[in-house]
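# Per-entry structural report
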Amino acid sequence: MGDVLVNDKYETFVGLEIHIHLLTESKMFCGCKANYGDEPNTNVCPVCLGYPGVLPTVNERAMEMGYVVARALNCRLSRKTYFERKNYFYPDMPKNYQISQFQEPVGVEGYMDFEFGDEIKRIRIHDVHLEEDAGKMIHAGDMSLQDFNRAGYPLLEIVTEPDLKSGEETEAFLRAFRRTVRYLGVCDGNMDEGSMKCDANISINLPGAGLGTKVELKNMNSPRFVRRGLQYEAQRQASVLDEGGKLIQETRLWNENRDITESMRTKEMANDYRYFPEPDMPPFCPDDAFMAAVEEAQVELPLTRKHKLMRKYSLSSEQAEFIHDEKGNADYFERVLALGAEAQSVYTWLSSDVQKELNLLNMTLTRSPLSAERFAELLRLMEEGQISGKIAKQVLIDVFEENEDPSRIVEKKGLSQISDPAAIARIIDKVLGENEQVVQAVREGEQKQKGFLVGQIMKETGGRAAPALVQKILSEKLS
Amino acid sequence: MKKEELLTTASLALLELEEGEVERLGEEVARMLDYFEMMTKLDVDGLEPTTHAFQKTNRLRADVLNNNNNNNNTNNSFNRPLIMENGNDVEDDFFVIPNVL
Ligand SMILES: [Zn+2]
């Protein structure tokens, strides 16, 4: 489903607030383990439970990751960043405030480029700031159960300007953003597991009239649901305006079972978080060494990588899209090429036979037994004519199953190609001798029957006879 | 100070005020606000805001786990039974509160 349903009388504005869980060992302000799926209330301590008198201390790695992302998103980096208390009462946050950033976040005024169809779009980034996650609650009957394992988990929030124009475009942006944080190694980007979350704000207006009345959308747990939530909401808002109604500023929840957004009933009072500087934590002023480490951690970003793959190895856009999706795969691809393989053949194998095997075994390429070295060796064996393409496919499966080098498998199983003309001639003589009637038919002009003879020869050699030689010698013998 | 402003401030702090308190606190808070008003008149152009009383910066900790692990190899960062003892109501290793949904 595209955006065709949306009333094109209006212009749509979408901005995002993306939260990513940083891949640190410990929490943001204490040494508790930052991990999913542990027994309730095991990764907790007086700091993340908000006991009075404790002293939260910033996780150095999380701070660095914050700057790394801000830098990758082309932000102006803060020379003096500090935390503030965002005050609100909710039992998932026992301190009654969340430690966040407000006046001086790690980065502001950045942008990110991404591909949408044939176009490169630029989305402005308002700011990138560090904060802590809240605990988890399970509501059951007349009680709510609290688990604080997630409380204090390091979060990085990325806020975009309302530059996105449709649900489709937003989905494409989110996928590009997810790829970027994975490239940077700061977040696994799994929206279904909650390590990346995205709230959106959306408004529509007549073209040229600027932003409309903003509606916040929450509860969209995948890029696809973000697209569908936004599409639904743009449509809903257009209908309200078309009927002469007025939109109200509100928060709505995406209901994935009903495919609609629903108003979240909240108290009318606007939020007033009364931010003030966190007195327990002094400001952080990055020194030269810290900034050097941030630079050091920058990687070639996905879009640049994709274009490089296209330019340097003559891949098509679709081919490069496939190869660059995971940084590890793009690195792997280039390593195989550096070992002498040819780009098109590497792509073809990766996207078909290798991918099939990976899916079957539920493995990722970089952790599979098919190392770049083994893969390059397999292609070399094939190119040098030591094994046929068909045998190569079998060897590939064997590499996965036996975790051995292709050359070793070929040797062990006697799979190398028979390319000695005398040996092939002997086999051909044998086959011709066993099929005298067919030979007769071919000699009388029934060329189709020749294929049968080739098949018999290949069968006789277990597929190992060099096909070109078989063709050549057979033709000589039949003429 | 308007009564409404005081009530908003109180509700943000989850305070319930009785009628007499509203009167009394209204006056007291107004006096505080007057004092801030006086401060806002000072010329602070070109001064960097002092966000923190102490000028020390960059107090960070390395990204390593606590080793106050006394719960037998379960990577618990703190003694769970001890922590749970502080809960008013506890069930199945969760803290229990009235349903807030
Ligand atoms: Zn803790």
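First, a word on scope: everything that follows refers to the structure included in this document. Small disclaimer: the values here were computed from a predicted structure and weren't measured. Each chain carries its own residue numbering, running from 1 in the written order of its sequence. To read the labels, note that chains go from A and ligands from 1, taken in the order they are written. Local features in a predicted model are, by the rule used here, given only for residues with pLDDT of at least 70; side-chain atom pairs are given and counted only at 80 or more, and totals for whole chains, interfaces and linings are based on all residues. Excluding hydrogens and water, the side-chain figures rest on all heavy atoms present in the structure.

## Remarks on the overall build of chain A
The criterion, for reference: Strands are runs of DSSP state E lasting at least two residues, helices are runs of H or I lasting at least four, and both sets are numbered from the N terminus onward. Put simply, the radius of gyration uses C-alpha atoms, and a globule should come to 2.2 Å times the residue count raised to 0.38. Any residue under 20% of the maximum accessible area for its type is buried, any over 50% is exposed, and the rest in between are partly exposed; the area is computed with a 1.4 Å probe on protein chains only.
On a plain count of helices and strands, chain A comes out with 15 helices and 15 strands. The C-alpha atoms of chain A give 30 Å as radius of gyration, which overshoots the globular expectation for 479 residues (23 Å, by more than 25%). If one aligns the C-alpha atoms of chain A with their principal axes, the spans along those axes are about 95 × 55 × 50 Å. By the burial criterion, 52% of the 479 residues in chain A qualify as buried.

## So, the coordination of the zinc ion
Residue and element names in this part refer to chain A. Stated formally: Only nitrogen, oxygen and sulfur atoms qualify as donors, and only when within 2.8 Å of the metal (3.2 Å in the case of Na, K and Ca); with water excluded, sites may look incomplete. In short, tetrahedral needs four donors with all angles between 85 and 135 degrees, square planar needs four and octahedral six donors with opposite donors over 155 degrees apart and all other angles between 65 and 115, and whatever is left is irregular.
The zinc ion binds to the protein through Cys30 (SG), Cys32 (SG), Cys45 (SG) and Cys48 (SG), with metal-donor distances spanning 2.3 to 2.4 Å. The coordination sphere of the zinc ion comprises four donor atoms, whose angles at the metal cover 99 to 115 degrees; the geometry is tetrahedral. Within one chain, the residues serving as donors to the zinc ion are arranged as C-x1-C-x12-C-x2-C. Residue Cys30 shares its accessibility class with Cys32, and that shared class is buried.

## Some details on the interface of chain B and chain A
To be explicit about the condition: Any pair of residues with heavy atoms lying within 4.5 Å of one another is described as a contacting pair. Defined in terms of a 1.4 Å probe, buried area is the accessible area two parts forfeit on being brought together, summed over both. Put simply, a salt bridge is a Lys or Arg side-chain nitrogen that is within 4 Å of an Asp or Glu carboxyl oxygen. Polar contacts, as used here, are pairs of N or O atoms within 3.5 Å; protein pairs need one atom able to donate a hydrogen and one able to accept it. Residues neighboring in sequence count only if both atoms are side-chain atoms. Under the convention adopted here, Pro, Cys and the residues Ala, Val, Leu, Ile, Met, Phe, Trp and Tyr are nonpolar, Asp, Glu, Lys and Arg are charged, and Gly plus all remaining residues are polar. Strand pairing is assigned whenever DSSP detects at least two bridges linking the two strands.
The interface of chain B with chain A comprises 38 residues on the first partner and 56 residues on the second. Roughly 4100 Å² of surface becomes buried between chain B and chain A when both sides are summed, with 59% attributable to carbon and sulfur atoms. Put simply, chain B and chain A have one salt bridge between them. The closest approach of N and O atoms between Lys80 of chain A and Glu48 of chain B, which form a salt bridge, is 3.1 Å. Applying the counting criterion to the chain B and chain A interface returns 22 residue pairs in polar contact (both at pLDDT 80 or more). Of all elements in the fold, only α1 (3-12), β1 (60-61), α3 (80-85) and β3 (94-98) of chain B reach the threshold of two or more residues within the side of chain B that touches chain A. Broken down by class, the residue content of the side of chain B that touches chain A amounts to 17 nonpolar, 12 polar and nine charged. Note that strand β2 (residues 58-59) of chain A and β1 of chain B share two bridges and pair parallel. Bridge pairing in β1 of chain B places Val58 of chain A opposite Leu60 of chain B.

## Focus on the sheet that holds strand β11 (residues 196-205) of chain A
All names here are of chain A. The condition that has to hold: Interaxial angles span 0 to 180 degrees and are taken between N-to-C directions of axes, which are lines fitted to C-alpha atoms, for helices over the stretch in contact.
Strand order in this open sheet of nine strands is β3-β6-β7-β10-β1-β11-β12-β13-β14, and the pairing throughout is mixed. The sheet is open, and its two edges are formed by β3 (76-77) and β14 (260-263), each paired on a single side. Note: strand β1 (residues 11-21) against strand β10 (residues 154-160), five bridges, orientation antiparallel. Residue His21 lies in a different strand from β10, and its bridge partner there is Leu155. Seen against the sheet, helix α2 (residues 167-184) touches β1, β6 (107-116), β7 (119-132), β10 and β11 and runs at an angle of roughly 110 degrees to β6.

## Comments concerning the packing of helix α13 (residues 436-443) of chain A against helix α14 (residues 448-460) of chain A
All names here are of chain A. Inclusion rule: Two helices that cross are described as forming a left-handed crossing if the nearer one is turned anticlockwise from the farther one by less than a right angle, and a right-handed crossing if clockwise.
As a packed pair, α13 and α14 sit with axes 8 Å apart at the nearest point and diverge in direction by 140 degrees. At the point where α13 passes α14, the crossing takes the left-handed sense. Here α13 contributes Val438, Val439, Ala441 and Val442 to the contact with α14, which in turn contributes Gln449, Lys450, Phe452 and Leu453.

## Let's talk about unusual backbone geometry
All names here are of chain A. One non-glycine residue with positive phi stands out, namely Glu109, at about 55 degrees. Within the fold, Glu109 resides in strand β6. What makes Glu109 exposed here is its relative accessible area of 55%. You will see that Ser314, though not glycine, has its phi angle at about 55 degrees, which is positive. As for its placement among the helices and strands, Ser314 is situated in the loop between α5 (302-313) and α6 (317-324).

## Digging into the packing of aromatic side chains
Residues and elements named next belong to chain A. Threshold: Pairing of aromatic rings covers Phe, Tyr and the six-membered ring of Trp, with a centre-to-centre limit of 6.5 Å; geometry is then stacked below 30 degrees between planes, edge-to-face above 60, and tilted otherwise.
Counting across every chain of the model gives 14 aromatic pairs over all chains. An angle of 75 degrees between the planes, with centres 5.3 Å apart, marks the rings of Phe114 and Phe173 as edge-to-face. Within this pair, whereas Phe114 is found in strand β6, its partner Phe173 is found in helix α2, the two being separated by 59 residues in sequence. The same class applies to Phe114 and to Phe173, which are both buried. Taken together, the ring pairs in this structure connect Tyr88, Phe102, Tyr273 and Tyr275 into an aromatic cluster.

## Here we look at the pattern of salt bridges
Residues and elements named next belong to chain A. Evaluated as defined, the whole model comprises 45 salt bridges over all chains. Ionic pairing is found between Arg252 and Glu233, a salt bridge with its closest N-O pair at 3.4 Å. One end of the pair, Arg252, is in strand β13 (residues 250-255); the other, Glu233, is in helix α3 (residues 223-242), and 19 residues separate them in sequence. Of the two residues, Arg252 and Glu233, both sit in the buried class. Among the ionic contacts, a cluster of salt bridges with common partners joins Glu300, Arg305, Lys308, Lys327, Asp331 and Glu334.

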